[in-house]
Amino acid sequence: MTKTRHHPLAAALALAAMALPFAAHTQTAPKLKVGLMLPYTGTYAALGNAIENGFRLQIAEAGGKVAGREIEFFKVDDESDPSKATDNVNKLVKRDAVDVLVGTVHSGVAMAMAKVAKDSGTLLIVPNAGADMVTGAMCANNIFRSSFSNWQPGYALGEVMAKKGLKNVVTITHKYAAGDESVGGFKEAFEKGGGKVVKVLSLPFPNVEFQALLTEIAATKPDAVYTFFAGGAAVKFVKDYAAAGLKKSIPLYGAGFLTDGTLDAQGADAEGVITSLHYADGLNTPRDNAFRLAYAKTFKLQPDVYAVQGYDAAQMLAIGLNAVKGDVSKKAEIAAALEKAKIDSPRGMFSLSKAHNPVQDLYLRQVVGKENKLVGVASKSLADPARGCKM
Ligand code: BEZ
């Protein structure tokens with residue numbers, strides 16, 4: 001489904017375009033067709049909206065254009081449904097003939113996007129989904145990620161939890177690539193550091209009937225729980241965990257999606273939860289402060305990690321296309337420009353690995369009130385191992 005929606009920034013951009021002299025209109029290059037494939041409904045709807053907001057904010061700050069080309073958006077709601085993913089991405093690639101794909105949130109959907117991008121040669125920037133394979137076995141010259149690999153937050157927190165002396169941990173996630181790989185990264189570091197994953201629990205995505213699994217956690221009595229949930233499921237899991245009486249006895253840890261963009265809905269039930277992520281509240285850098293102010297003014301919302309990833313996807317697109325004066329066919333030059341770029345993100349500077357995944361600091365955060373308060377750096381300049389990537 002291609003949707004046109006009135007976005008808060010659309011009116012401002014239309015006014016800016018009208019203010020251009022006529023000559024500028026007649027000489028402009030053809031519009032750059034950007035295909036946004038994101039979830040606008042379901043468990044991850046808020047994540048998709050935040051990514052689009054961040055993406056549009058960066059474009060607006062850059063004067064509404066990328067490499068001198070105005071933008072035409074084509075949108076598909078992917079519903080976080082892998083069974084519809086190939087058809088959905090083909091609507092953008094074949095029907096709309098987009099110049100660049102930006103998407104998505106869900107790892108299973110992103111892998112279908114990466115396959116189509118690889119086969120068709122369409123430029124793809126992934127603004128969230130952490131599927132390790134996207135910058136692993138499926139890596140390609142035209143595929144880039146502005147977010148993270150699922151392995152990264154898990155690995156960083158596994159090291160921290162082992163160093164704390166925690167010994168027995170139960171993991172719980174949705175059963176799909178993101179959950180499995182997040183637990184994989186966690187287990188790798190945690191067990192290397194002397195801990196043991198004693199039970200691996202999961203439920204199908206997007207189910208949120210946690211009760212039986214919470215009963216199992218209570219019976220197992222681990223030292224802590226490591227979890228991967230995001231969006232609406234993260235809200236419900238944190239609330240159910242507290243309601244089951246576990247919060248007092250078994251500390252809850254997770255990849256930072258558990259508490260990012262969710263704290264208003266989770267309230268006091270999230271207090272004290274410790275997570276790792278490539279973003280945090282209170283970084284208090286001039287770059288992040290300016291981003292947060294602009295985002296809050298434009299959207300009347302606080303930004304979260306998803307907004308940052310959308311913003312940085314637009315920054316990466318600009319870096320790549322500026323290097324080729326907007327000519328998207330020059331894939332090798334676009335890749336070369338991005339591979340040597342230092343990306344000035346609200347999260348802090350990052351660069352891309354040879355496999356095109358961010359090499360970045362993973363922060364340790366703890367929920368205090370409505371904030372994922374920065375506690376420290378869990379892992380400095382952490383690079384995903386990019387297993388299986390041959391490029
Ligand atoms: C994923 O499916 O990769 C994912 C979804 C939500 C948050 C983080 C990762």
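Small disclaimer: the values here were computed from a predicted structure and weren't measured.

Caption draft 1: View of unusual backbone geometry. Cis rather than trans, the peptide bond between Gly-103 and Thr-104 has omega equal to 0°. Structurally, Thr-104 can be placed in the loop between strand S4 (100-102) and helix H5 (107-120). With omega at 0°, the peptide bond leading from Phe-205 into Pro-206 counts as cis. Relative to the helices and strands, Pro-206 resides in the loop between strand S8 (196-203) and helix H8 (211-220). Its identity as a non-glycine residue notwithstanding, Ser-381 has a phi of 40°, on the positive side. With respect to the element layout, Ser-381 can be found in strand S15 (residues 371-382). Unlike most non-glycine residues, Ala-386 shows phi in positive territory, near 50°.

Caption draft 2: Geometry of the state of the cysteines. Taken as a whole and judged by the stated rule, the model has 1 disulfide. Linked covalently through their sulfurs, Cys-139 and Cys-389 form a disulfide whose S-S length is 2.2 Å. Disulfide Cys-139-Cys-389: torsion about the S-S bond near 85°, hence right-handed. One end of the pair, Cys-139, is in the loop between strand S5 (123-126) and strand S6 (143-145); the other, Cys-389, is in the segment after S15, and 250 residues separate them in sequence. We classify Cys-139 as buried; its relative accessible area is 3%. Residue classification places Cys-389 among the partly exposed positions, given a relative accessible area of 22%.

Caption draft 3: Representation of the domain arrangement of the chain. Segmentation of the chain into domains returns domain 1 (32-148 + 282-356) and domain 2 (151-277). Between the C-alpha centres of domain 1 and domain 2 there is a distance of 27 Å. Every contact between the two is made by 16 residues of domain 1 and, on the other side, 18 residues of domain 2. Overall, the association of domain 1 and domain 2 removes approximately 1300 Å² of surface from exposure, summing both partners, and the carbon and sulfur fraction of that is 61%. Linking domain 1 with domain 2 are 0 salt bridges, by the criterion used here. Of all the elements in the fold, those that place two or more residues in the side of domain 1 that touches domain 2 are H5 and helix H12 (305-322). With 3 residues, H5 is the single largest residue contributor to the side of domain 1 that touches domain 2. In the side of domain 1 that touches domain 2, the residues fall into 7 nonpolar, 7 polar and 2 charged.

Rules used in this analysis
Residues numbered from 1 in each chain as written. Predicted model: local features only at pLDDT ≥ 70, side-chain atom pairs only at ≥ 80, totals over all residues. Heavy atoms only, no water. Helix = DSSP H or I, 4+ residues; strand = E, 2+ residues; numbered from the N terminus. Disulfide = S-S within 2.5 Å. Buried < 20%, exposed > 50% of the residue type's maximum accessible area, 1.4 Å probe, protein only. Domains from an automatic or database assignment. Contact = heavy atoms within 4.5 Å. Buried area = accessible area lost by both parts, 1.4 Å probe. Salt bridge = Lys/Arg side-chain N within 4 Å of Asp/Glu carboxyl O. Nonpolar A, V, L, I, M, F, W, Y, C, P; charged D, E, K, R; others polar.

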